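Commentary on secondary and tertiary structure
Okay, here's what each chain looks like letter by letter:
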Amino acid sequence: GAGVSQSPSNKVTEKGKDVELRCDPISGHTALYWYRQSLGQGLEFLIYFQGNSAPDKSGLPSDRFSAERTGGSVSTLTIQRTQQEDSAVYLCASSSSPRDTQYFGPGTRLTVL
Amino acid sequence: RKEVEQDPGPFNVPEGATVAFNCTYSNSASQSFFWYRQDCRKEPKLLMSVYSSGNEDGRFTAQLNRASQYISLLIRDSKLSDSATYLCVVDSSYKLIFGSGTRLLVRP
């Protein structure tokens, strides 16, 4: 079946602009996660959704970052007033329930000029 | 101190070699352990889970030592296609904590 999809695959933006990144999880997966991978670094947890609620937002690096999930499916990660240090690959993962295997999407490569 | 620590490598080995990667983790409450593989500019993919008794999947063997908080991955008979970055991953409740990865280069 279809895996996790993300869009756009690449996004180049200017410093100060807002961006929206989208994640479509595997159908039926209730848990959804956002991670960030900066160049040469490991993956960094950002936020976790169970259904539409986000019980853990502890990884969001600043209040410029927000995320929502609607209908227990699609999620969007929004970064306001982007900064150059926001440049990274943003990865979304989903699992059938918390603590089950997480499957990753291909990521969105964000470049802030 | 990072929650999950790995030697970044790179490990440069000839085809057919046996190579071992190690990883240590700091959270003694972690329950689940994994090795993920990440190819250049691709998303991480689950290679194998790691069980307390140790487990094997073809040429890959994973070991866990809870007392030492240490995880290992052994690759036998390396193939060119094994070239990738291997990520040691530990759960912290529902979220995954990733090591920075160990890069493996298998040469002809």
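Look above for the structure.
First things first, this report covers the structure right here in the doc. Quick caveat, the model's predicted, so the values are computed rather than measured.

1. Some points on the overall build of chain B
Helix and strand content of chain B: zero helices and 11 strands. Its helices and strands taken in sequence order, chain B reads β-β-β-β-β-β-β-β-β-β-β from the N to the C terminus. Out of the 108 residues belonging to chain B, those deemed buried represent 46%. Considering only residue pairs separated by 6 or more positions, chain B has 56% of its internal contacts joining residues 24 or more positions apart. Counting every atom, chain B has about 5300 Å² of accessible surface; 47% of that belongs to carbon and sulfur. Chain B carries 13 positive and 11 negative side-chain charges, and their two centres are separated by 4 Å.

2. Considering the overall build of chain A
Each helix and strand in chain A was counted, giving zero helices and 11 strands. Secondary structure elements of chain A, listed N to C terminal, follow the sequence β-β-β-β-β-β-β-β-β-β-β. Against the 2.2 N^0.38 benchmark of 13 Å for 113 residues, chain A shows a C-alpha radius of gyration of 13 Å, consistent with a compact globule. Principal-axis analysis of the C-alpha atoms places the extent of chain A at approximately 35 × 25 × 25 Å.

3. What about the interface of chain B and chain A?
It is common to give the size of an interface as the accessible area lost on bringing the parts into contact. Facing 16 residues of chain B, the contacting portion of chain A comprises 18 residues. Between chain B and chain A, roughly 1500 Å² of surface is buried when both sides are summed, and carbon and sulfur atoms account for 52% of that area. The largest share of the area that chain B buries against chain A comes from Glu43(B), Tyr94(B) and Phe98(B), three residues that together contribute 37% of it. Inspection of the region where chain B meets chain A yields one salt bridge.

4. Regarding the pattern of salt bridges
Enumeration over the complete set of coordinates arrives at nine salt bridges over all chains. For Glu14(A), the salt bridge is made with Lys17(A), and the minimal N-O distance between the two is 3.9 Å. According to the relative accessible area criterion, Lys17(A) is partly exposed, its value standing at 46%. The shortest N-O distance in the salt bridge between Arg37(B) and Asp39(B) comes to 2.9 Å. On the basis of relative accessibility, which here comes to 18%, the residue Arg37(B) falls in the buried class.

5. Quick word on the sheet that holds strand E7 (residues 60-65) of chain B
Residues and elements named next belong to chain B. Pairing is antiparallel across the open sheet formed by five strands, whose spatial order is E1-E3-E8-E7-E6. Because the sheet does not close on itself, it has two edges, and the strands there are strand E1 (4-6) and strand E6 (55-57). Taken over all neighbouring pairs, the strand axes of this sheet differ in orientation by 20° on average, direction set aside. Of the pairings in the sheet, the one linking E7 to strand E8 (residues 70-75) comprises six bridges and is antiparallel in character. From the neighbouring strand, Gln63 faces E8, where its bridge partner is Ser72.

6. A few points about the state of the cysteines
Joining two cysteines, a disulfide is a covalent bond between their sulfur atoms. Residues and elements named next belong to chain B. Inspection of the entire model under this criterion finds two disulfides over all chains. Two residues, Cys23 and Cys88, share a disulfide whose sulfurs are 2.0 Å apart. The disulfide joining Cys23 to Cys88 has a torsion of about -75° about its S-S bond and is therefore left-handed. Of this pair, Cys23 sits in strand E3 (residues 19-25) while Cys88 sits in strand E9 (residues 84-92); the two residues are 65 residues apart in sequence, bridging distant segments of the chain. With respect to burial, Cys23 and Cys88 carry one shared label: buried.

About the thresholds
Residues numbered from 1 in each chain as written. Chains lettered and ligands numbered in written order. Predicted model: local features only at pLDDT ≥ 70, side-chain atom pairs only at ≥ 80, totals over all residues. Heavy atoms only, no water. Helix = DSSP H or I, 4+ residues; strand = E, 2+ residues; numbered from the N terminus. Buried < 20%, exposed > 50% of the residue type's maximum accessible area, 1.4 Å probe, protein only. Contact = heavy atoms within 4.5 Å. Areas by Shrake-Rupley, 256 points an atom, 1.4 Å probe, with all protein chains shown as cover. Lys, Arg positive; Asp, Glu negative; His and termini not counted. Charge placed at Lys NZ, Arg CZ, Asp CG, Glu CD. Rg over C-alpha atoms; globule rule 2.2 N^0.38 Å. Buried area = accessible area lost by both parts, 1.4 Å probe. Salt bridge = Lys/Arg side-chain N within 4 Å of Asp/Glu carboxyl O. Pairing = 2+ DSSP bridges. Axes fitted to C-alpha atoms, helices over the stretch in contact; angles between N-to-C directions. Disulfide = S-S within 2.5 Å.

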